[in-house]
Amino acid sequence: MIPELETALAEHRAAPFPAPDVVRGRDYGSVCAVMIDANIFALSERVSRGELLADDRWNWLADCEARLQDSLAEFPVAGRPYYARLLRIAELAFQRMEELQNNVS
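Note that the structure is predicted; figures quoted are calculated from it, not measured. (Residues numbered from 1 in each chain as written. Predicted model: local features only at pLDDT ≥ 70, side-chain atom pairs only at ≥ 80, totals over all residues. Heavy atoms only, no water.)

A. Representation of the overall build of the protein chain. The secondary structure content of the protein chain amounts to four helices and two strands. In summary, the protein chain has a C-alpha radius of gyration of 14 Å against a globular reference of 13 Å for 105 residues, a match within 12%. Buried residues in the protein chain amount to 39% of all 105 residues. Within the protein chain, contacts between residues at least 6 apart in sequence are counted, and of these 73% link residues at least 24 apart. About 5,700 Å² of surface is accessible on the protein chain, with carbon and sulfur atoms providing 51% of the total. Across the protein chain, the mean location of the 11 positive side-chain charges is 5 Å away from that of the 17 negative side-chain charges. (Helix = DSSP H or I, 4+ residues; strand = E, 2+ residues; numbered from the N terminus. Rg over C-alpha atoms; globule rule 2.2 N^0.38 Å. Buried < 20%, exposed > 50% of the residue type's maximum accessible area, 1.4 Å probe, protein only. Contact = heavy atoms within 4.5 Å. Areas by Shrake-Rupley, 256 points an atom, 1.4 Å probe, with all protein chains shown as cover. Lys, Arg positive; Asp, Glu negative; His and termini not counted. Charge placed at Lys NZ, Arg CZ, Asp CG, Glu CD.)

Written out as structure tokens, the structure is:
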């Protein structure tokens, strides 16, 4: 179990969206500010509940994480901590997935 994932998800859930610095629905780099947030959060939350993601969902999470990493510098400076937390959440979800997979093997 990775309690840091649950903590990070709870902190993110409680944090306000970084408006007006980040514009909802706007693309920053290769990601939409709202959709990348929703995608990483939803997939990571499923993992935190102990769900093994199917390969296509695992790959989607990895793609979201990579695109956000590549796009982070395109976000307004004031909004970057919000999105950096999402990167940490994705990293913790990958760790949790490995843990879950090891328990199945």
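B. Local environment of the side chain of Arg96. Note that Arg96 resides in helix 4 (residues 80-104). One polar contact links Arg96 to Glu99, side chain to side chain, over a distance of 2.4 Å. (Polar contact = N/O pair within 3.5 Å; in protein donor to acceptor, adjacent residues only side chain to side chain.)

C. Inspection of the packing of helix 1 (residues 3-14) against helix 2 (residues 33-48) at higher detail. Running from N to C, helix 1 and helix 2 point in directions that differ by 145 degrees, and their axes come no closer than 10 Å. Handedness of the helix 1/helix 2 crossing: left-handed. Where helix 1 abuts helix 2, its residues Leu5, Glu6, Leu9, His12 and Arg13 lie against Asp37, Phe41, Ser44, Glu45 and Ser48. Residues that form the contact of helix 1 with helix 2 fall into these classes: three nonpolar, three polar and four charged. (Axes fitted to C-alpha atoms, helices over the stretch in contact; angles between N-to-C directions. Left-handed = near helix turned anticlockwise from the far one by under 90°. Nonpolar A, V, L, I, M, F, W, Y, C, P; charged D, E, K, R; others polar.)

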